[in-house]
Amino acid sequence: MTDAVTLPRFAAQKGRRTRGRTWWAQRWVDDVEQAALDSNTLKGGRVYARGGLVGPLTFAPGLVSADVHTGEETLHVRIRVDQLDEREWGQVLATLASRSGHVAQLSGGTLPRELDDDLAAVDVSLVPSMFDADATCTCEEWDVPCRHAAAVLYQAAWLLDDDPLLFFLLRGREGQEILQIRHDSHEETSHASFDRSCSPVSASDAYAAIPGPLPAPPHTRGTPVRPGWLDDAPPEVRADAVWSAIVTAISRYGDRA
Ligand SMILES: [Zn+2]
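These numbers were taken from a predicted model, which means no experiment stands behind them.

Some points on the sheet that holds strand β2 (residues 57-60)
- Read across the sheet, 5 strands follow the order β1-β2-β3-β4-β5 without closing on themselves; strand pairing throughout is antiparallel. Looking at which strands have only one partner, the edges of the open sheet turn out to be β1 (5-7) and β5 (134-137). Sheet twist, expressed as the average angle between the axes of neighbouring strands with direction ignored, equals 15°.
- The pairing of β1 with β2 spans 3 bridges and is antiparallel. Bridging across to β2, V5 finds its partner in F59.

Some points on the packing of helix α3 (residues 86-98) against helix α5 (residues 113-121)
- Relative orientation of the contacting elements α3 and α5 amounts to 135°, with a least axis distance of 10 Å. As the angle between them shows, α3 and α5 are arranged oblique. Of the two elements, α3 crosses α5, and the hand of that crossing is right-handed. Within the contact between the two elements, α3 uses Q91, V92 and T95 and α5 uses L115, D118 and L119.
- For the contact of α3 with α5, the per-class residue count stands at 3 nonpolar, 2 polar and 1 charged.

Remarks on the confidence of the model for the protein chain
- The pLDDT averaged across the protein chain works out to 82; a share of 71% of its residues lies at or above 70.
- Contacts of residues 192-198 to residues separated by more than four positions or lying in other chains number 0 contacts, the stretch itself having pLDDT below 50.

Quick notes on the pairing of strand β3 (residues 63-69)
- Across the two faces of β3 the burial differs, with V64, A66 and V68 buried and L63, S65, D67 and H69 not buried at all.
- Counting the residues that bridge the hairpin from β2 to β3 gives 2 residues, and of these G62 lies at a positive phi of roughly 75°.
- Alignment of β3 against strand β4 (residues 74-80), held across 7 bridges, turns out to be antiparallel. Across the sheet, residue L63 finds its bridge partner in β4, namely R80.
- Linking β3 to β4, which pair antiparallel, is a turn of 4 residues; within it G71 sits at a positive phi near 100°.

Some words on the pairing of β4
- Because side chains alternate across β4, one face comprises the buried residues L75, V77 and I79, and the other comprises T74, H76, R78 and R80, none of which is buried.
- Across 4 bridges, β4 lies against β5 in antiparallel orientation. Looking at β5, one finds that V77 is bridged to C137.

Thoughts on the packing of helix α2 (residues 39-50) against helix α6 (residues 147-162)
- Interhelical geometry of α2 versus α6 gives an angle of 60° and a closest axis separation of 7 Å. Considering their axes alone, α2 and α6 lie oblique with respect to each other. Note that α2 runs across α6; the crossing there is right-handed. Each of T41, L42, G44, G45, R46, Y48 and A49 in α2 lies in contact with α6, whose residues at this interface are R147, H148, A150, A151, Y154 and Q155.

Let's talk about the UniProt feature "domain: SWIM-type" (unreviewed entry) in the protein chain
- Under the present numbering, the feature "domain: SWIM-type" (unreviewed entry) in UniProt falls on residues 122-157.
- Within the segment residues 122-157, helix and strand shares are 31% and 11% respectively, and the terminal C-alpha atoms sit 25 Å apart.

Definitions and cut-offs
Within every chain, residues take consecutive numbers counted from 1 along the sequence as written. Local features in this predicted model are restricted to residues of pLDDT 70 or higher, and side-chain atom pairs are both shown and tallied only at a pLDDT of 80 or more, whereas totals for entire chains, interfaces and linings draw on every residue. By this definition, two strands are paired if DSSP reports at least two bridges between them. Here a helix means four or more residues in a row that DSSP labels H or I, a strand means two or more in a row labelled E, and each is numbered from the N terminus. To define axes, lines are fitted to C-alpha atoms, for helices over the stretch in contact only, and angles between the resulting N-to-C directions are given on a 0 to 180 degree scale. Geometric relationships in this document are graded by angle, where less than 35 degrees denotes roughly parallel, more than 145 denotes roughly antiparallel, 65 to 115 denotes roughly perpendicular, and other angles denote oblique. Helix crossings fall into two classes, left-handed where the near helix is turned counterclockwise from the far one by less than a right angle and right-handed where it is turned clockwise. Here, residue contact means that the backbone-derived C-beta atoms of the two residues sit within 7 Å. The residue classification treats Ala, Val, Leu, Ile, Met, Phe, Trp, Tyr, Cys and Pro as nonpolar and Asp, Glu, Lys and Arg as charged. All others, Gly included, are polar. Confidence of the predictor in every single residue is expressed as pLDDT, which spans 0 to 100. Exposure criterion: with C-beta atoms placed from backbone coordinates, a residue whose C-beta has 20 or more other C-beta atoms within 10 Å is buried, one with 12 or fewer is exposed, and one in between is partly exposed. UniProt positions are given in the numbering used here, feature names are shortened, and annotations may be inferred rather than shown by experiment.

Listed below in structure tokens is the structure:
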């Protein structure tokens, strides 16, 4: 079971940039702002977010939730996003397996843009679309998202800046679990290839081993032709004996084939 994560609330931060530092947090915020119906509501959300009135935030599979304390009342905000299905998680795992650099970057707190590009090619995204999100709040405002939900969404971007693995949790799986699966997979793959190619063998075993079959001998045709140089051999060389040895060797080689 995938656990929810609750993160410490932000203190008031006057003048803080609300749209995130990283490309993935900025995409999250861009999506929020494009899906919103009223820019004044977003402005109110930014004021709440910077004012330290939100939190702590909880991330869970398919859900970001937090309370917003306005001083007059406490509102309960829940933002539901789509989780990835089995096919989509299969694509994520396959993509991570295909490039070990992705895992290294994720472990270092970076969501690689190339990973996003690779997943987009198979119609998968780790960054949820706010156009598919469902934001609810216990206030009576009509805007969607209301100022309180917008504040939660902005602060969620700040947390995603520092920890893009929260996208994995939102999409239904724990990021560390995914990275561990990929790490173990790489370990098994490297061990398996080592076993196949580098099993140690002692020198005595290697020399004692029965050699494999010899390659087939070249096809020989007819009777060997006696080379002329044998007739011009020095007197101490018995030309007939040399010739006899050559013929014997060739015939034995042919018999073994
Ligand atoms: Zn509200």
